[in-house]
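Now for the letters of each chain:
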Amino acid sequence: MEQSLRGGPGPKGLRLDELDERILWELMRDARIPNAALAAKLHVAPSTTHGRVKALREAGVIRSSHIEVDYAALGLEVQGIVSVRLRAQARPQIKSYAAKVIQLPNVLSVFFVGGTIDFLIHVACTSTAQLRDFVASELSMDPAVASTETNIVFDHLIGQEHLGSGGLAALRGPIR
């Protein structure tokens, strides 16, 4: 496996074998799975999965692990997706704008996208009033911003919740 991560045809020059992909798939489904349980599920030795996960982290394939938080349970009952379009003159500031926005309180994710808007910003707030104030003062008032549009999130389904047994190959396969 160590050698399979050192070059080849894949992205970043990486070549992952079937076991690497099966490990990744299981970790995508549950990043908290203990190493022994992961090894048992994949029918390999715990030392094998431990070494493979370590190599995948060192190669940058696994960048981090996450927990899913119930924001409503924390008093952040309103989520929004804010579309932001920058002024044409602010285009050179795209990276610095994104770096600044991701640091703002209430911001969960920032997506730089193509199309008529530049960013989608996922935020969590205590109320619609706080969401309104956040957009008005933290986002819209920035001199780089031409316009914003806010959408309230009614439900947020995480991609990993639906992951079945198809593996990463299913993600690369044709759309049916």
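Residues numbered from 1 in each chain as written. Predicted model: local features only at pLDDT ≥ 70, side-chain atom pairs only at ≥ 80, totals over all residues. Heavy atoms only, no water.

Focus on the overall build of the protein chain
For step 1, the next point in the chain: Counting secondary structure elements, the protein chain contains 6 helices and 4 strands.
For step 2, the next point in the chain: Put simply, the protein chain runs from its N terminus to its C terminus through helices and strands in the order α-α-α-β-α-β-β-α-β-α.
For step 3, the next point in the chain: A buried classification covers 30% of the 176 residues belonging to the protein chain.
For step 4, the next point in the chain: Counting only contacts in the protein chain whose residues sit at least 6 apart along the sequence, the fraction spanning at least 24 positions is 62%.
For step 5, the next point in the chain: Accessible surface computed for the protein chain: about 11,300 Å², of which carbon and sulfur atoms make up 55%. (Helix = DSSP H or I, 4+ residues; strand = E, 2+ residues; numbered from the N terminus. Buried < 20%, exposed > 50% of the residue type's maximum accessible area, 1.4 Å probe, protein only. Contact = heavy atoms within 4.5 Å. Areas by Shrake-Rupley, 256 points an atom, 1.4 Å probe, with all protein chains shown as cover.)

Some remarks on helix H1 (residues 18-29)
For step 1, the next point in the chain: Between its terminal C-alpha atoms H1 stretches 17 Å, which fits the 16 Å expected from 12 residues at 1.5 Å a residue.
For step 2, the next point in the chain: Looking only at H1, the buried set comprises Leu-19, Asp-20, Glu-21, Ile-23, Leu-24, Trp-25, Glu-26 and Leu-27.
For step 3, the next point in the chain: Summarising the contacts, the buried residues of H1 are in contact with helix H2 (35-42), helix H3 (46-58) and helix H6 (167-172). (Expected span 1.5 Å × (residues − 1).)

Remarks on the nonpolar core
For step 1, the next point in the chain: Membership of the largest hydrophobic core comes to 20 residues, with the highest contact counts inside it found for Val-84, Leu-86, Tyr-97, Ile-121, Val-123 and Leu-139.
For step 2, the next point in the chain: When contributions to this core are tallied by element, the ones reaching two or more residues are strand E1 (78-86), helix H4 (94-101), strand E3 (119-125) and helix H5 (128-139).
For step 3, the next point in the chain: Those residues within four positions of Leu-139 in sequence are excluded, and the remaining contacts are Val-82, Tyr-97, Val-101, Leu-104, Ile-121, Phe-134, Val-145 and Thr-148.
For step 4, the next point in the chain: Membership of the second largest hydrophobic core comes to 12 residues, among which are Leu-19, Leu-24, Val-53 and Leu-168. (Core = buried A, V, L, I, M, F, W, Y, C linked by side-chain atoms within 4.5 Å.)

Concerning the packing of aromatic side chains
For step 1, the next point in the chain: In the structure shown here, the tally under the stated rule is 2 aromatic pairs.
For step 2, the next point in the chain: Ring centres 5.3 Å apart and planes at 45° place the aromatic pair Tyr-97 and Phe-119 in the tilted group. Of the two residues, Tyr-97 is situated in helix H4 and Phe-119 in strand E3; the sequence distance between them amounts to 22 residues.
For step 3, the next point in the chain: Judged by relative accessible area, which is 3%, Tyr-97 ranks as buried.
For step 4, the next point in the chain: Here the aromatic rings of Phe-112 and Phe-119 are separated by 5.4 Å at their centres, their planes lie at 40°, and the arrangement is tilted.
For step 5, the next point in the chain: Here Phe-119 falls in the buried class, since its relative accessible area comes to 0%. (Phe/Tyr/Trp six-rings, centres within 6.5 Å; stacked < 30°, edge-to-face > 60°.)

Here we look at unusual backbone geometry
For step 1, the next point in the chain: Of note, the phi angle at His-43 is positive, near 60°, even though the residue is not glycine.
For step 2, the next point in the chain: Tracing the backbone through its elements, the reader meets His-43 in the loop between H2 and H3.
For step 3, the next point in the chain: Residue His-43 is classed as exposed on the basis of its relative accessible area of 71%.
For step 4, the next point in the chain: Despite not being glycine, Asn-106 has its phi angle at roughly 85°, a positive value.
For step 5, the next point in the chain: By the element assignment, Asn-106 lies in the loop between H4 and strand E2 (107-112).

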